[in-house]
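# Chain and residue survey
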Amino acid sequence: MALSKLNPRCFFPSQTPLPNPKSPTSQFPRIPFKNPLTLRSKVQLTIPVSLQKLPLRTSDIDEAEEEAVPGHQERMNSDVLSVAFPSLAFSNTLFFSSAYTVQLIPGDNEPEEQLIRRFRREVWKAGVIQECKRRRFFESTQEKRKRKAREAAKRNRKRHPRPKVSSEAKAQTSEKKKNTEDSDDDNWEFLDSSQFRAKKLPMEGEEGKQQPQLVLAHNLFLLTQNDVDDIEKVRLRDEVFNFILANDMAPLYETLVANKVLNLDQKALDSMRAKIDDELKKLDEKIADAEENLGESEVREAHLAKSLFYIRIGDKEKALEQLKLTESKTVAVGQKMDLVFYMLQIGFFHMDFDLISKSIDKAKNLFEEGGDWERKNRLKVYEGLYCMSTRNFKKAANLFLDSISTFTTYELFPYDTFIFYTVLTSIISLDRVSLKQKVVDAPEILTVIGKIPFLSDFLNSLYDCHYKSFFTAFAGLTEHIKLDRYLHPHFRYYMREVRTVVYSQFLESYKSVTIEAMAKAFGVTVDFIDLELSRFIAAGKLHCKIDKVAGVLETNRPDAKNALYQATIKQGDFLLNRIQKLSRVIDL
């Protein structure tokens, strides 16, 4: 029998409706349940299927032939039935708590397509398909409870529908949403206080842009540098003023005017103060309303919104005070960690290392109570940046390398800047073998290092001992290092450490070498090498001596075993002196 010639009208009665399926009558055949493996008991379950009583007609068989064939109605092909109506595909393998019968009366001259659509719609309303889908897999007690809660919520929404929103209100909402999305992803923007929920920052794990406040801090740093051109300073000054005016940062503006970084605009200052007073009044009203009428979570969100507002306007003291108040109303460890990250961002904005150190220690104590790995990895980046800013390059390199494959701290700096810091700290901290394994051959670094000018040549020329290319790339990176907000205080120290590393690597291969050969390898003059090495030798950075008459450098590498022996003797003498002093005190 060809399926393409199947007449869909054969499944529907033409005149009399079907009887009530819930009444147990003998006119409905019962199909035995043939899959007892899905049940614990071996009882044969049956399903009433009313459609199996209906005749099956095709265009190849007329009505007379159907009547002539004995038992034709009882020999209906169940496979064809399941193909025509997928909702009955599980009729032999599923057990329903009640009968599902769909009754349709075809209209006069009703098209077959419309009739099928009506039938499918009625089957869906009866819940046959939903029940089939639900019973294909095992449903635990918890999943069943959740499903019933969703169904109850759906019924409540139907009983109490929301008021319809006018087209004008929808247009205003879409316009407001579009303006919010086009606001340059300002994640420090204060949200509508009526929502009681702070905007999710990119620190939650997804990739995002750097915090605008930290970009502002970098621009303010550039305004104080003499190496920046005057034309560039004019552009930066206008950009800083526009950002302060857009975010109502009156406290920061007053500080910058007092330090003569910006000029005073009294009208703009009064306008910012008025806006701040209005916002604070609204926030206080929302906090009072939440404490009186809402729950603890809404109260916390209202206090958090006020904390973010103080952060946005640049009021450090009030922001820290409000964050502590918000923390007292916070229970979850993850939310407390987010508050600590806000404190860390305030510390990096103001370069308050005391606040940063205390916040990092506080975060570590919170992790002992519990915490997710994503926040732990982000804390490593914060701590690494703190160590780099305080000249602890070795610890910073280890922390950066641990976080290189799980970096999500885009609120501090982009990934390119993170790779830049990782390479710079690793060069002066790692030995040659570790540098090869963790930095030179690291796939995460190889994908980004080519985008940063001079960085690839700087790293590869050092490892490949191409010292002339190394000095050229090093000269190109000096400007970038000098104008970096975190590396600028350590610029001279880092320059000395890098030269110490490269000179030691060159001299390690020789027992003695001429000054002229070394100057030729580095692409500099003999006098420059002589002056450089004499300074490092006097400071104890290089273990060699210069024979000025013969023009030769002789290395005198320290014996590691002897050095350990001398250190042990020195520590023993110190300990004996302490014991002698203590014995004199006890004798008295």
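Residues numbered from 1 in each chain as written. Predicted model: local features only at pLDDT ≥ 70, side-chain atom pairs only at ≥ 80, totals over all residues. Heavy atoms only, no water.

Under an unreviewed UniProt entry, the name given to the protein is 26S proteasome regulatory subunit RPN7, and the source organism is Sesamum angolense.

### Focus on the side chain of Arg 485
Along the chain, the position of Arg 485 falls in the loop between helix H21 (467-482) and helix H22 (491-507). No salt bridge is formed by the buried Arg 485; its nearest oppositely charged neighbour, Asp 484, is found at 8.3 Å. Reaching out from Arg 485, the side chain makes a polar contact with the backbone oxygen of Phe 349 at a distance of 2.7 Å. A polar contact is formed between the side chain of Arg 485 and the side chain of Tyr 486, at a distance of 3.4 Å. (Helix = DSSP H or I, 4+ residues; strand = E, 2+ residues; numbered from the N terminus. Buried < 20%, exposed > 50% of the residue type's maximum accessible area, 1.4 Å probe, protein only. Lys, Arg positive; Asp, Glu negative; His and termini not counted. Salt bridge = Lys/Arg side-chain N within 4 Å of Asp/Glu carboxyl O. Polar contact = N/O pair within 3.5 Å; in protein donor to acceptor, adjacent residues only side chain to side chain.)

### A look at the pairing of strand S4 (residues 544-547)
Note on strand geometry: in a regular strand, side chains alternate between the two faces of the sheet. Looking at chain direction, S4 and strand S5 (residues 552-555) are connected through four bridges and run antiparallel. Bridging from a neighbouring strand, Lys 545 pairs with Glu 554 of S5. The antiparallel pairing of S4 with S5 creates a hairpin that spans four residues between the two strands, and Gly 551 there sits at a positive phi of about 70°. (Pairing = 2+ DSSP bridges.)

### Here's the deal with the UniProt feature "coiled-coil region" (unreviewed entry) in the protein
In the numbering used here, UniProt assigns the "coiled-coil region" (unreviewed entry) feature to residues 269-300. Between the C-alpha atoms that bound residues 269-300 there is a distance of 31 Å. The span itself is 94% helix and 0% strand. (UniProt positions renumbered as here; feature names shortened; annotations may be inferred.)

### Considerations on the nonpolar core
Ranked by size, the top nonpolar core spans 118 residues in total, and within it Phe 458 and Tyr 503 carry the most contacts. Considering each element in turn, this core owes the most residues, 10 residues, to helix H13 (residues 333-350). Once residues lying within four places of it in the same chain are set aside, the contact partners of Phe 458 are Leu 424, Ile 427, Phe 470, Ala 473, Phe 474, Leu 477, Tyr 494 and Val 498. The next biggest cluster of nonpolar side chains, apart from the first, holds six residues, and it includes Val 102, Leu 104, Phe 119 and Cys 132. (Core = buried A, V, L, I, M, F, W, Y, C linked by side-chain atoms within 4.5 Å. Contact = heavy atoms within 4.5 Å.)

### Quick look at a nonpolar patch on the surface
On the surface, a cluster of nonpolar side chains totalling about 300 Å² of accessible area is made up of Leu 575, Leu 576 and Ile 579. Positionally, Leu 575 belongs in helix H25 (residues 560-587). Leu 575 sits in the exposed class, given a relative accessible area of 53%. (Patch = residues over 30% accessible without salt bridge, like charges linked within 9 Å, V, L, I, M, F, W, Y side chains within 5 Å. Areas by Shrake-Rupley, 256 points an atom, 1.4 Å probe, with all protein chains shown as cover.)

### Overview of the sheet that holds S4
Pairing within the open sheet is antiparallel, and its three strands lie in the order S3-S5-S4. Edge strands, defined here as strands with exactly one partner in the open sheet, are strand S3 (512-514) and S4. Direction aside, neighbouring strands of the sheet carry axes that sit 20° apart on average. On top of the sheet, helix H23 (residues 515-522) reaches S3, S4 and S5; it is set at about 70° to S3, its chief contact. (Axes fitted to C-alpha atoms, helices over the stretch in contact; angles between N-to-C directions.)

### Some thoughts on the packing of helix H7 (residues 212-223) against H13
The interhelical angle for the contact between H7 and H13, taken along N-to-C directions, is 15°, at an axis separation of 9 Å. Judged by the inter-axis angle, H7 sits roughly parallel to H13. Crossing of H7 over H13 shows left-handed handedness. From H7, Gln 213, Leu 214, Leu 216 and Ala 217 reach across to H13, where they touch Gln 345, Phe 348 and Phe 349. Residue classes in the contact of H7 with H13 are distributed as five nonpolar, two polar and no charged. (Parallel < 35°, antiparallel > 145°, perpendicular 65-115°, else oblique. Left-handed = near helix turned anticlockwise from the far one by under 90°. Nonpolar A, V, L, I, M, F, W, Y, C, P; charged D, E, K, R; others polar.)

### A word on the side chain of Arg 147
With respect to the helices and strands, the residue Arg 147 is situated in helix H5 (residues 141-159). Ignoring sequence-local partners within four residues, the contact set of Arg 147 consists of Arg 134 and Glu 139.

### Description of the packing of H21 against H22
Helix-helix packing: each pair is described by the crossing angle between the helix axes and the interaxial distance. Where H21 meets H22, the closest approach of the two axes is 11 Å, and the angle between their N-to-C directions is 170°. In terms of axis orientation, H21 runs roughly antiparallel to H22. In the crossing of H21 with H22, the sense of the turn from one axis to the other is right-handed. Contact residues: Tyr 467, Phe 470, Phe 471, Phe 474, Thr 478, Ile 481 and Lys 482 in H21; Phe 491, Tyr 494, Met 495, Val 498, Arg 499, Val 502, Tyr 503, Gln 505 and Phe 506 in H22. When grouped by side-chain class, the residues that make up the contact of H21 with H22 number 12 nonpolar, two polar and two charged.

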